[in-house]
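So the chains spell out like this:
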Amino acid sequence: MNIRVIDGPLQDVDVDALVVLGFEEQRPAVREDRIGDLYSSGEFSGKALEFAIIHRPNGYIARRLVLGGAGKPDKFNSDELRKLMGAAVRALKPKGARTIAIALDGDYCGIDFTSAAVEGAIIGDFEPDRYKTDPKKNEKQVDEFIVVGGSEFGANRGRILGESQNYTRTVANEPPNLLTPLVLADRARALALEQGLDCEVLDQDRMRQLGMGALLGVAQGSAEPPALIILRYKPADGSVSRDHLGLVGKGVTFDTGGISIKPADGMEKMKFDMCGGAAALGAMRAIAQLKPAIPVTALIPAVENMPGSRAQRPGDIVTALSGKTIEVLNTDAEGRLILADALTYAQRIGCTHLVDAATLTGSIVIALGGVNSGVFTNNAPFQDKVLSTAKAEGEKMWAMPMDEEYKEALKNPYADIQNIGGRPAGSITAAWFLKEFTGDLPWVHLDIAGTAWLDDAKPWMAKGPTGVCVRTFTQLALGW
Ligand code: BES
Ligand code: ZN
Ligand code: ZN
């Protein structure tokens, strides 16, 4: 999708569909009599995400004038605009619109609004149908999205963020037979080459030498070898950041549960267990282009959790890279095991601040559903920074408690710690497990098990992977 910003009278905008914002109880200042008719007849009320289409509007070159419901003016923000543009693309594309424009003005044409409009359009354009062979599936396409009266800088930022989020969704959507840990590593190498990032992949032998027993224990049940993927972004010479952000993403390319095997029903969804890793990749793609002043390193432990004959057993005791011993009581709590070694390694290579994203627990889905990602930390100010960034980016997140009492559940008679804490507060005990591997570094953990995947489409987004965290990660680095 080509992105363009133009100025000039709306009458002259040559597109298949020109969208104008229609608020509740506030008609747009656009000269077309039928807009008034739509409002006064009640056919269009301005409710959020409502649409009305006027064909061959009087005095306009555009083939259609589209009223896009923006809701109440006092509730309208860049997040609402992002969704509205996603919904517009998803509604107008099947109607054959190949060129779509949005008219922005007044309070709504700055960098943030323009960026959000473009993000929304690009995100709305994504379909997870790569493996459908129907030759007609691409007949309906949006070739161009135009922001009339927007910010050039904002549009560029929005394009990079939207495309990077879709990059994450593309990777996250790959089936697990085609996206093994080594294939994910190849994707990271290709991304690095294309974007001018540095890429290093630690293989199984190297991980053995280093002593990553927690990660290797998970990997050993699969015929597919693991990989620890490391992508590095360095700001141009001259920037003097003493900080170094580490983005750690869970990269389980398929989670059967291992010997503690999951039920067959719905297991296919566990291809999504690398959404945290895919988000780290997408963020690095955006970071490479938007060039923040802080060095950023992504670390993605990539494994397949399988119950092969060499698989680890409940009762196995493994030694993590940090030296801590772990009794593995449930092989399905594998994410925290691989993240433990990745978090330790992130400290070794000089990260000063850590944020991880992981589809870590079913328990966070029970607590927060698909609305908020769960946020956990060992450092409240750093968590506040992540939360305010997420809020500004329209990615909903909710801080969860980390009282010391929860840690009790991980006590083990034979080893330093055990990998599960029982059913109560499952996402908090999982976070406590991770915390034991963060040393003294400020760290924020994002449990995205409920937010990384849409089981049903939203008006502004197809079903499937959401690409959550790409915008927050990127903006966290940009705003450092
Ligand atoms: N990848 C899953 C988390 C998950 C489960 C996400 C269901 C979405 C839906 C993770 O590896 C896992 O299996 N966690 C277990 C932990 C338990 C064994 C302590 C869980 O949440 O059930
Ligand atoms: Zn699991
Ligand atoms: Zn998992």
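Note that the coordinates shown come from a computational prediction; the quantities given were computed from them, not determined experimentally.

1. Digging into the coordination of the zinc ion (ligand 2)
Logical step 1: Taken together, the protein donors to the zinc ion (ligand 2) comprise D255 (OD), D332 (O), D332 (OD) and E334 (OE), at separations of 2.0 to 2.2 Å.
Logical step 2: One can describe the donor arrangement at the zinc ion (ligand 2) as irregular, given that its 6 donor atoms subtend angles of 70 to 167 degrees at the metal.
Logical step 3: Binding-site remark: the zinc ion (ligand 2) is held by donors from one chain whose sequence spacing is D-x76-D-x1-E.

2. Quick word on the sheet that holds strand β1 (residues 2–6)
Logical step 1: Spatial strand order, β1-β6-β5-β2-β4-β3: 6 strands in an open sheet with mixed pairing. Two strands lie at the open edges of the sheet, namely β1 and β3 (51–55), each paired on one side alone. Direction aside, the axes of adjacent strands within the sheet are offset by 25 degrees on average.
Logical step 2: The pairing of β1 with strand β6 (residues 144–148) spans 5 bridges and is parallel. From the neighbouring strand, R4 faces β6, where its bridge partner is I146.
Logical step 3: Relative to β3, helix α1 (residues 33–40) is tilted by about 145 degrees, and along the sheet it contacts β2 (17–23), β3 and β4 (64–71).
Logical step 4: Its contacts with the sheet place helix α3 (residues 111–125) against β1, β5 (99–103) and β6, and it is angled at close to 160 degrees to β6.

3. Quick look at the site of ligand 1
Logical step 1: The local shell around ligand 1 holds 16 residues, among which K262, D273, D332, E334 and G362 are the closest.
Logical step 2: At a separation of 3.5 Å, a nitrogen atom of ligand 1 approaches a polar backbone atom of L360.
Logical step 3: Calculation on ligand 1 without its partners gives an accessible area of 510 Å², and the protein chains cover 77% of this total.
Logical step 4: Residues belonging to the shell around ligand 1 are distributed by class as follows: 5 nonpolar, 4 polar and 7 charged.

The rules behind these values
- Residues numbered from 1 in each chain as written.
- Chains lettered and ligands numbered in written order.
- Predicted model: local features only at pLDDT ≥ 70, side-chain atom pairs only at ≥ 80, totals over all residues.
- Heavy atoms only, no water.
- Donors = N, O, S within 2.8 Å, 3.2 Å for Na, K, Ca; no water.
- Tetrahedral: all angles 85-135°; square planar, octahedral: opposite > 155°, others 65-115°.
- Pairing = 2+ DSSP bridges.
- Helix = DSSP H or I, 4+ residues; strand = E, 2+ residues; numbered from the N terminus.
- Axes fitted to C-alpha atoms, helices over the stretch in contact; angles between N-to-C directions.
- Contact = heavy atoms within 4.5 Å.
- Near = heavy atom within 4 Å.
- Polar contact = N/O pair within 3.5 Å; in protein donor to acceptor, adjacent residues only side chain to side chain.
- Areas by Shrake-Rupley, 256 points an atom, 1.4 Å probe, with all protein chains shown as cover.
- Nonpolar A, V, L, I, M, F, W, Y, C, P; charged D, E, K, R; others polar.

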